[in-house]
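What the coordinates show
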Amino acid sequence: MTPLTNLQPAPVIDETARLLTEHYVFPETAEQLADLLRRRLAEGAYDVDGAEELARLVTADLQSVNDDKHLRLKYHADPVSPGEGAATLESIRRDFDTSLGGAPRVELLDGGVAVVKLAPMLFPLDWAAEPLTAALTLASRARALIVDLRDNRGGDPDTVAFVCSHLLDERTHLNTMYWRSGDRTEQSWSLPHVPGARFGGSKPLYVLSSDRTFSAAEEVAYDLQQLGRAVVVGEPTRGGAHPCKGWTVHPHLEATVPTGRAVNPVSGTNWEGTGVQPDVPCPAAKSLDHAHELALARLAD
């Protein structure tokens, strides 16, 4: 932990409050939270023994108004670069290198049903395109496919579109993002062409979910569910639909602030707070076997 002598809470709180008011997708909530942080600072609530404890306390306060799980003061044990987004990229690079690029499992089950596990996250597309292409191409010849997102904590919206593109036949409107900056909207579509082979849009597709599935991984499940393309099997997901950016506010602390919100073109809303609700609820630990049974039954028909 960072000793208190090296940690002055006031500059951290001031910068976090500034980032909130300038960037948070909900401006009124941002003002309310900035006032809360400053009041708590004045009360001495943040006079703690180190950066990790400060991160825990501030995160609890940030999430106390609307329970936005993307809104955090995140602790990093190793010092991180000051550039925007640098802390997150540095922290996930090791995960990328040790997870076969985010596709640690490709397996063919009985009956021609393939499983592709995407974990621990959907890494930036310029990193992940090659390993994801390899995994999805290998599975493309299966009679049915199970995409396992139970241990996926989120990632890059562009990677969401890339994965979905392999699971559809035609260019499809997947999602729309509203961005506070410029008061603008931006549509996300599946790609007209993908490297490798597509699994396509007609064969049986199942997505496994758990209470650990978060953020961009939830978008994969939600987009495919709303399109009627996939059957979601497992548990309700964590419920984070606000893409965020990260700013280093101390060598060991990163403020992550949502700068936009998802608006699905089918439902007109998103999964924030509610999570993605499975079509076939069951404990996450049993969801793979259950999805396999569902796939075999559908193929038998």
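Residues numbered from 1 in each chain as written. Predicted model: local features only at pLDDT ≥ 70, side-chain atom pairs only at ≥ 80, totals over all residues. Heavy atoms only, no water.

Going through the model one piece at a time under the given rule, you end up with 15 salt bridges. Its salt-bridge partner being R18, residue E22 comes within 2.9 Å of it at the nearest N-O pair. Note that E22 and R18 are positioned in helix α1 (residues 9-23) at a spacing of four residues, about one turn of the helix. Residue classification places E22 among the partly exposed residues on the basis of a relative accessible area of 42%. For R18, a relative accessible area of 32% corresponds to the partly exposed category. A salt bridge links D151 to R212; the nearest nitrogen and oxygen atoms lie 2.8 Å apart. (Salt bridge = Lys/Arg side-chain N within 4 Å of Asp/Glu carboxyl O. Helix = DSSP H or I, 4+ residues; strand = E, 2+ residues; numbered from the N terminus. Buried < 20%, exposed > 50% of the residue type's maximum accessible area, 1.4 Å probe, protein only.)

Under the 1.5 Å per step criterion, the end-to-end length of helix α5 (residues 125-139) is 19 Å for 15 residues, consistent within 8% with the ideal 21 Å. Of all bends in α5, the biggest is about 30°, found at P131. Buried within α5 we find W127, A128, P131, L132, T133, A135, L136, T137 and A139. Where α5 is buried, its residues contact α4 (86-97), β2 (105-109), β3 (113-117), β4 (144-148) and α6 (157-165). (Expected span 1.5 Å × (residues − 1). Bend = angle between axes of the 7 residues up to and from the residue. Contact = heavy atoms within 4.5 Å.)

With that settled, consider the pairing of strand β6 (residues 184-189). Strand direction decides the pairing type here: strand β5 (residues 173-179) and β6, joined by six bridges, are antiparallel. Within β6, the position partnered with Y178 by the bridge is T185. Counting the residues between successive antiparallel strands, the hairpin from β5 to β6 contains four residues, one of them, G182, with a positive phi of roughly 80°. (Pairing = 2+ DSSP bridges.)

A separate point is the nonpolar core. Judged by nonpolar contacts, the single largest core of 43 residues is most densely connected at L118, L145, V147, L167, V207 and L224. Counting residues per element, the ones that place at least two in this core are α4, β3, α5, β4, α6, β5, β7 (205-209) and α7 (216-226). The element contributing the most residues to this core is α5, with six residues. Ignoring anything within four residues of it in the chain, the contact list for L145 reads A114, V115, V116, A139, L167, F199, P204, L205 and Y206. (Core = buried A, V, L, I, M, F, W, Y, C linked by side-chain atoms within 4.5 Å.)

This part covers the packing of α5 against α6. Close contact between α5 and α6 brings their axes to 10 Å; oriented N to C, the two are set at 20°. As the angle between them shows, α5 and α6 are arranged roughly parallel. Crossing of α5 over α6 shows right-handed handedness. Residues L125, A129, L132, T133 and L136 of α5 pack against D158, T159, F162 and V163 of α6. Grouping the constituent residues of the contact of α5 with α6 by class yields six nonpolar, two polar and one charged. (Axes fitted to C-alpha atoms, helices over the stretch in contact; angles between N-to-C directions. Parallel < 35°, antiparallel > 145°, perpendicular 65-115°, else oblique. Left-handed = near helix turned anticlockwise from the far one by under 90°. Nonpolar A, V, L, I, M, F, W, Y, C, P; charged D, E, K, R; others polar.)

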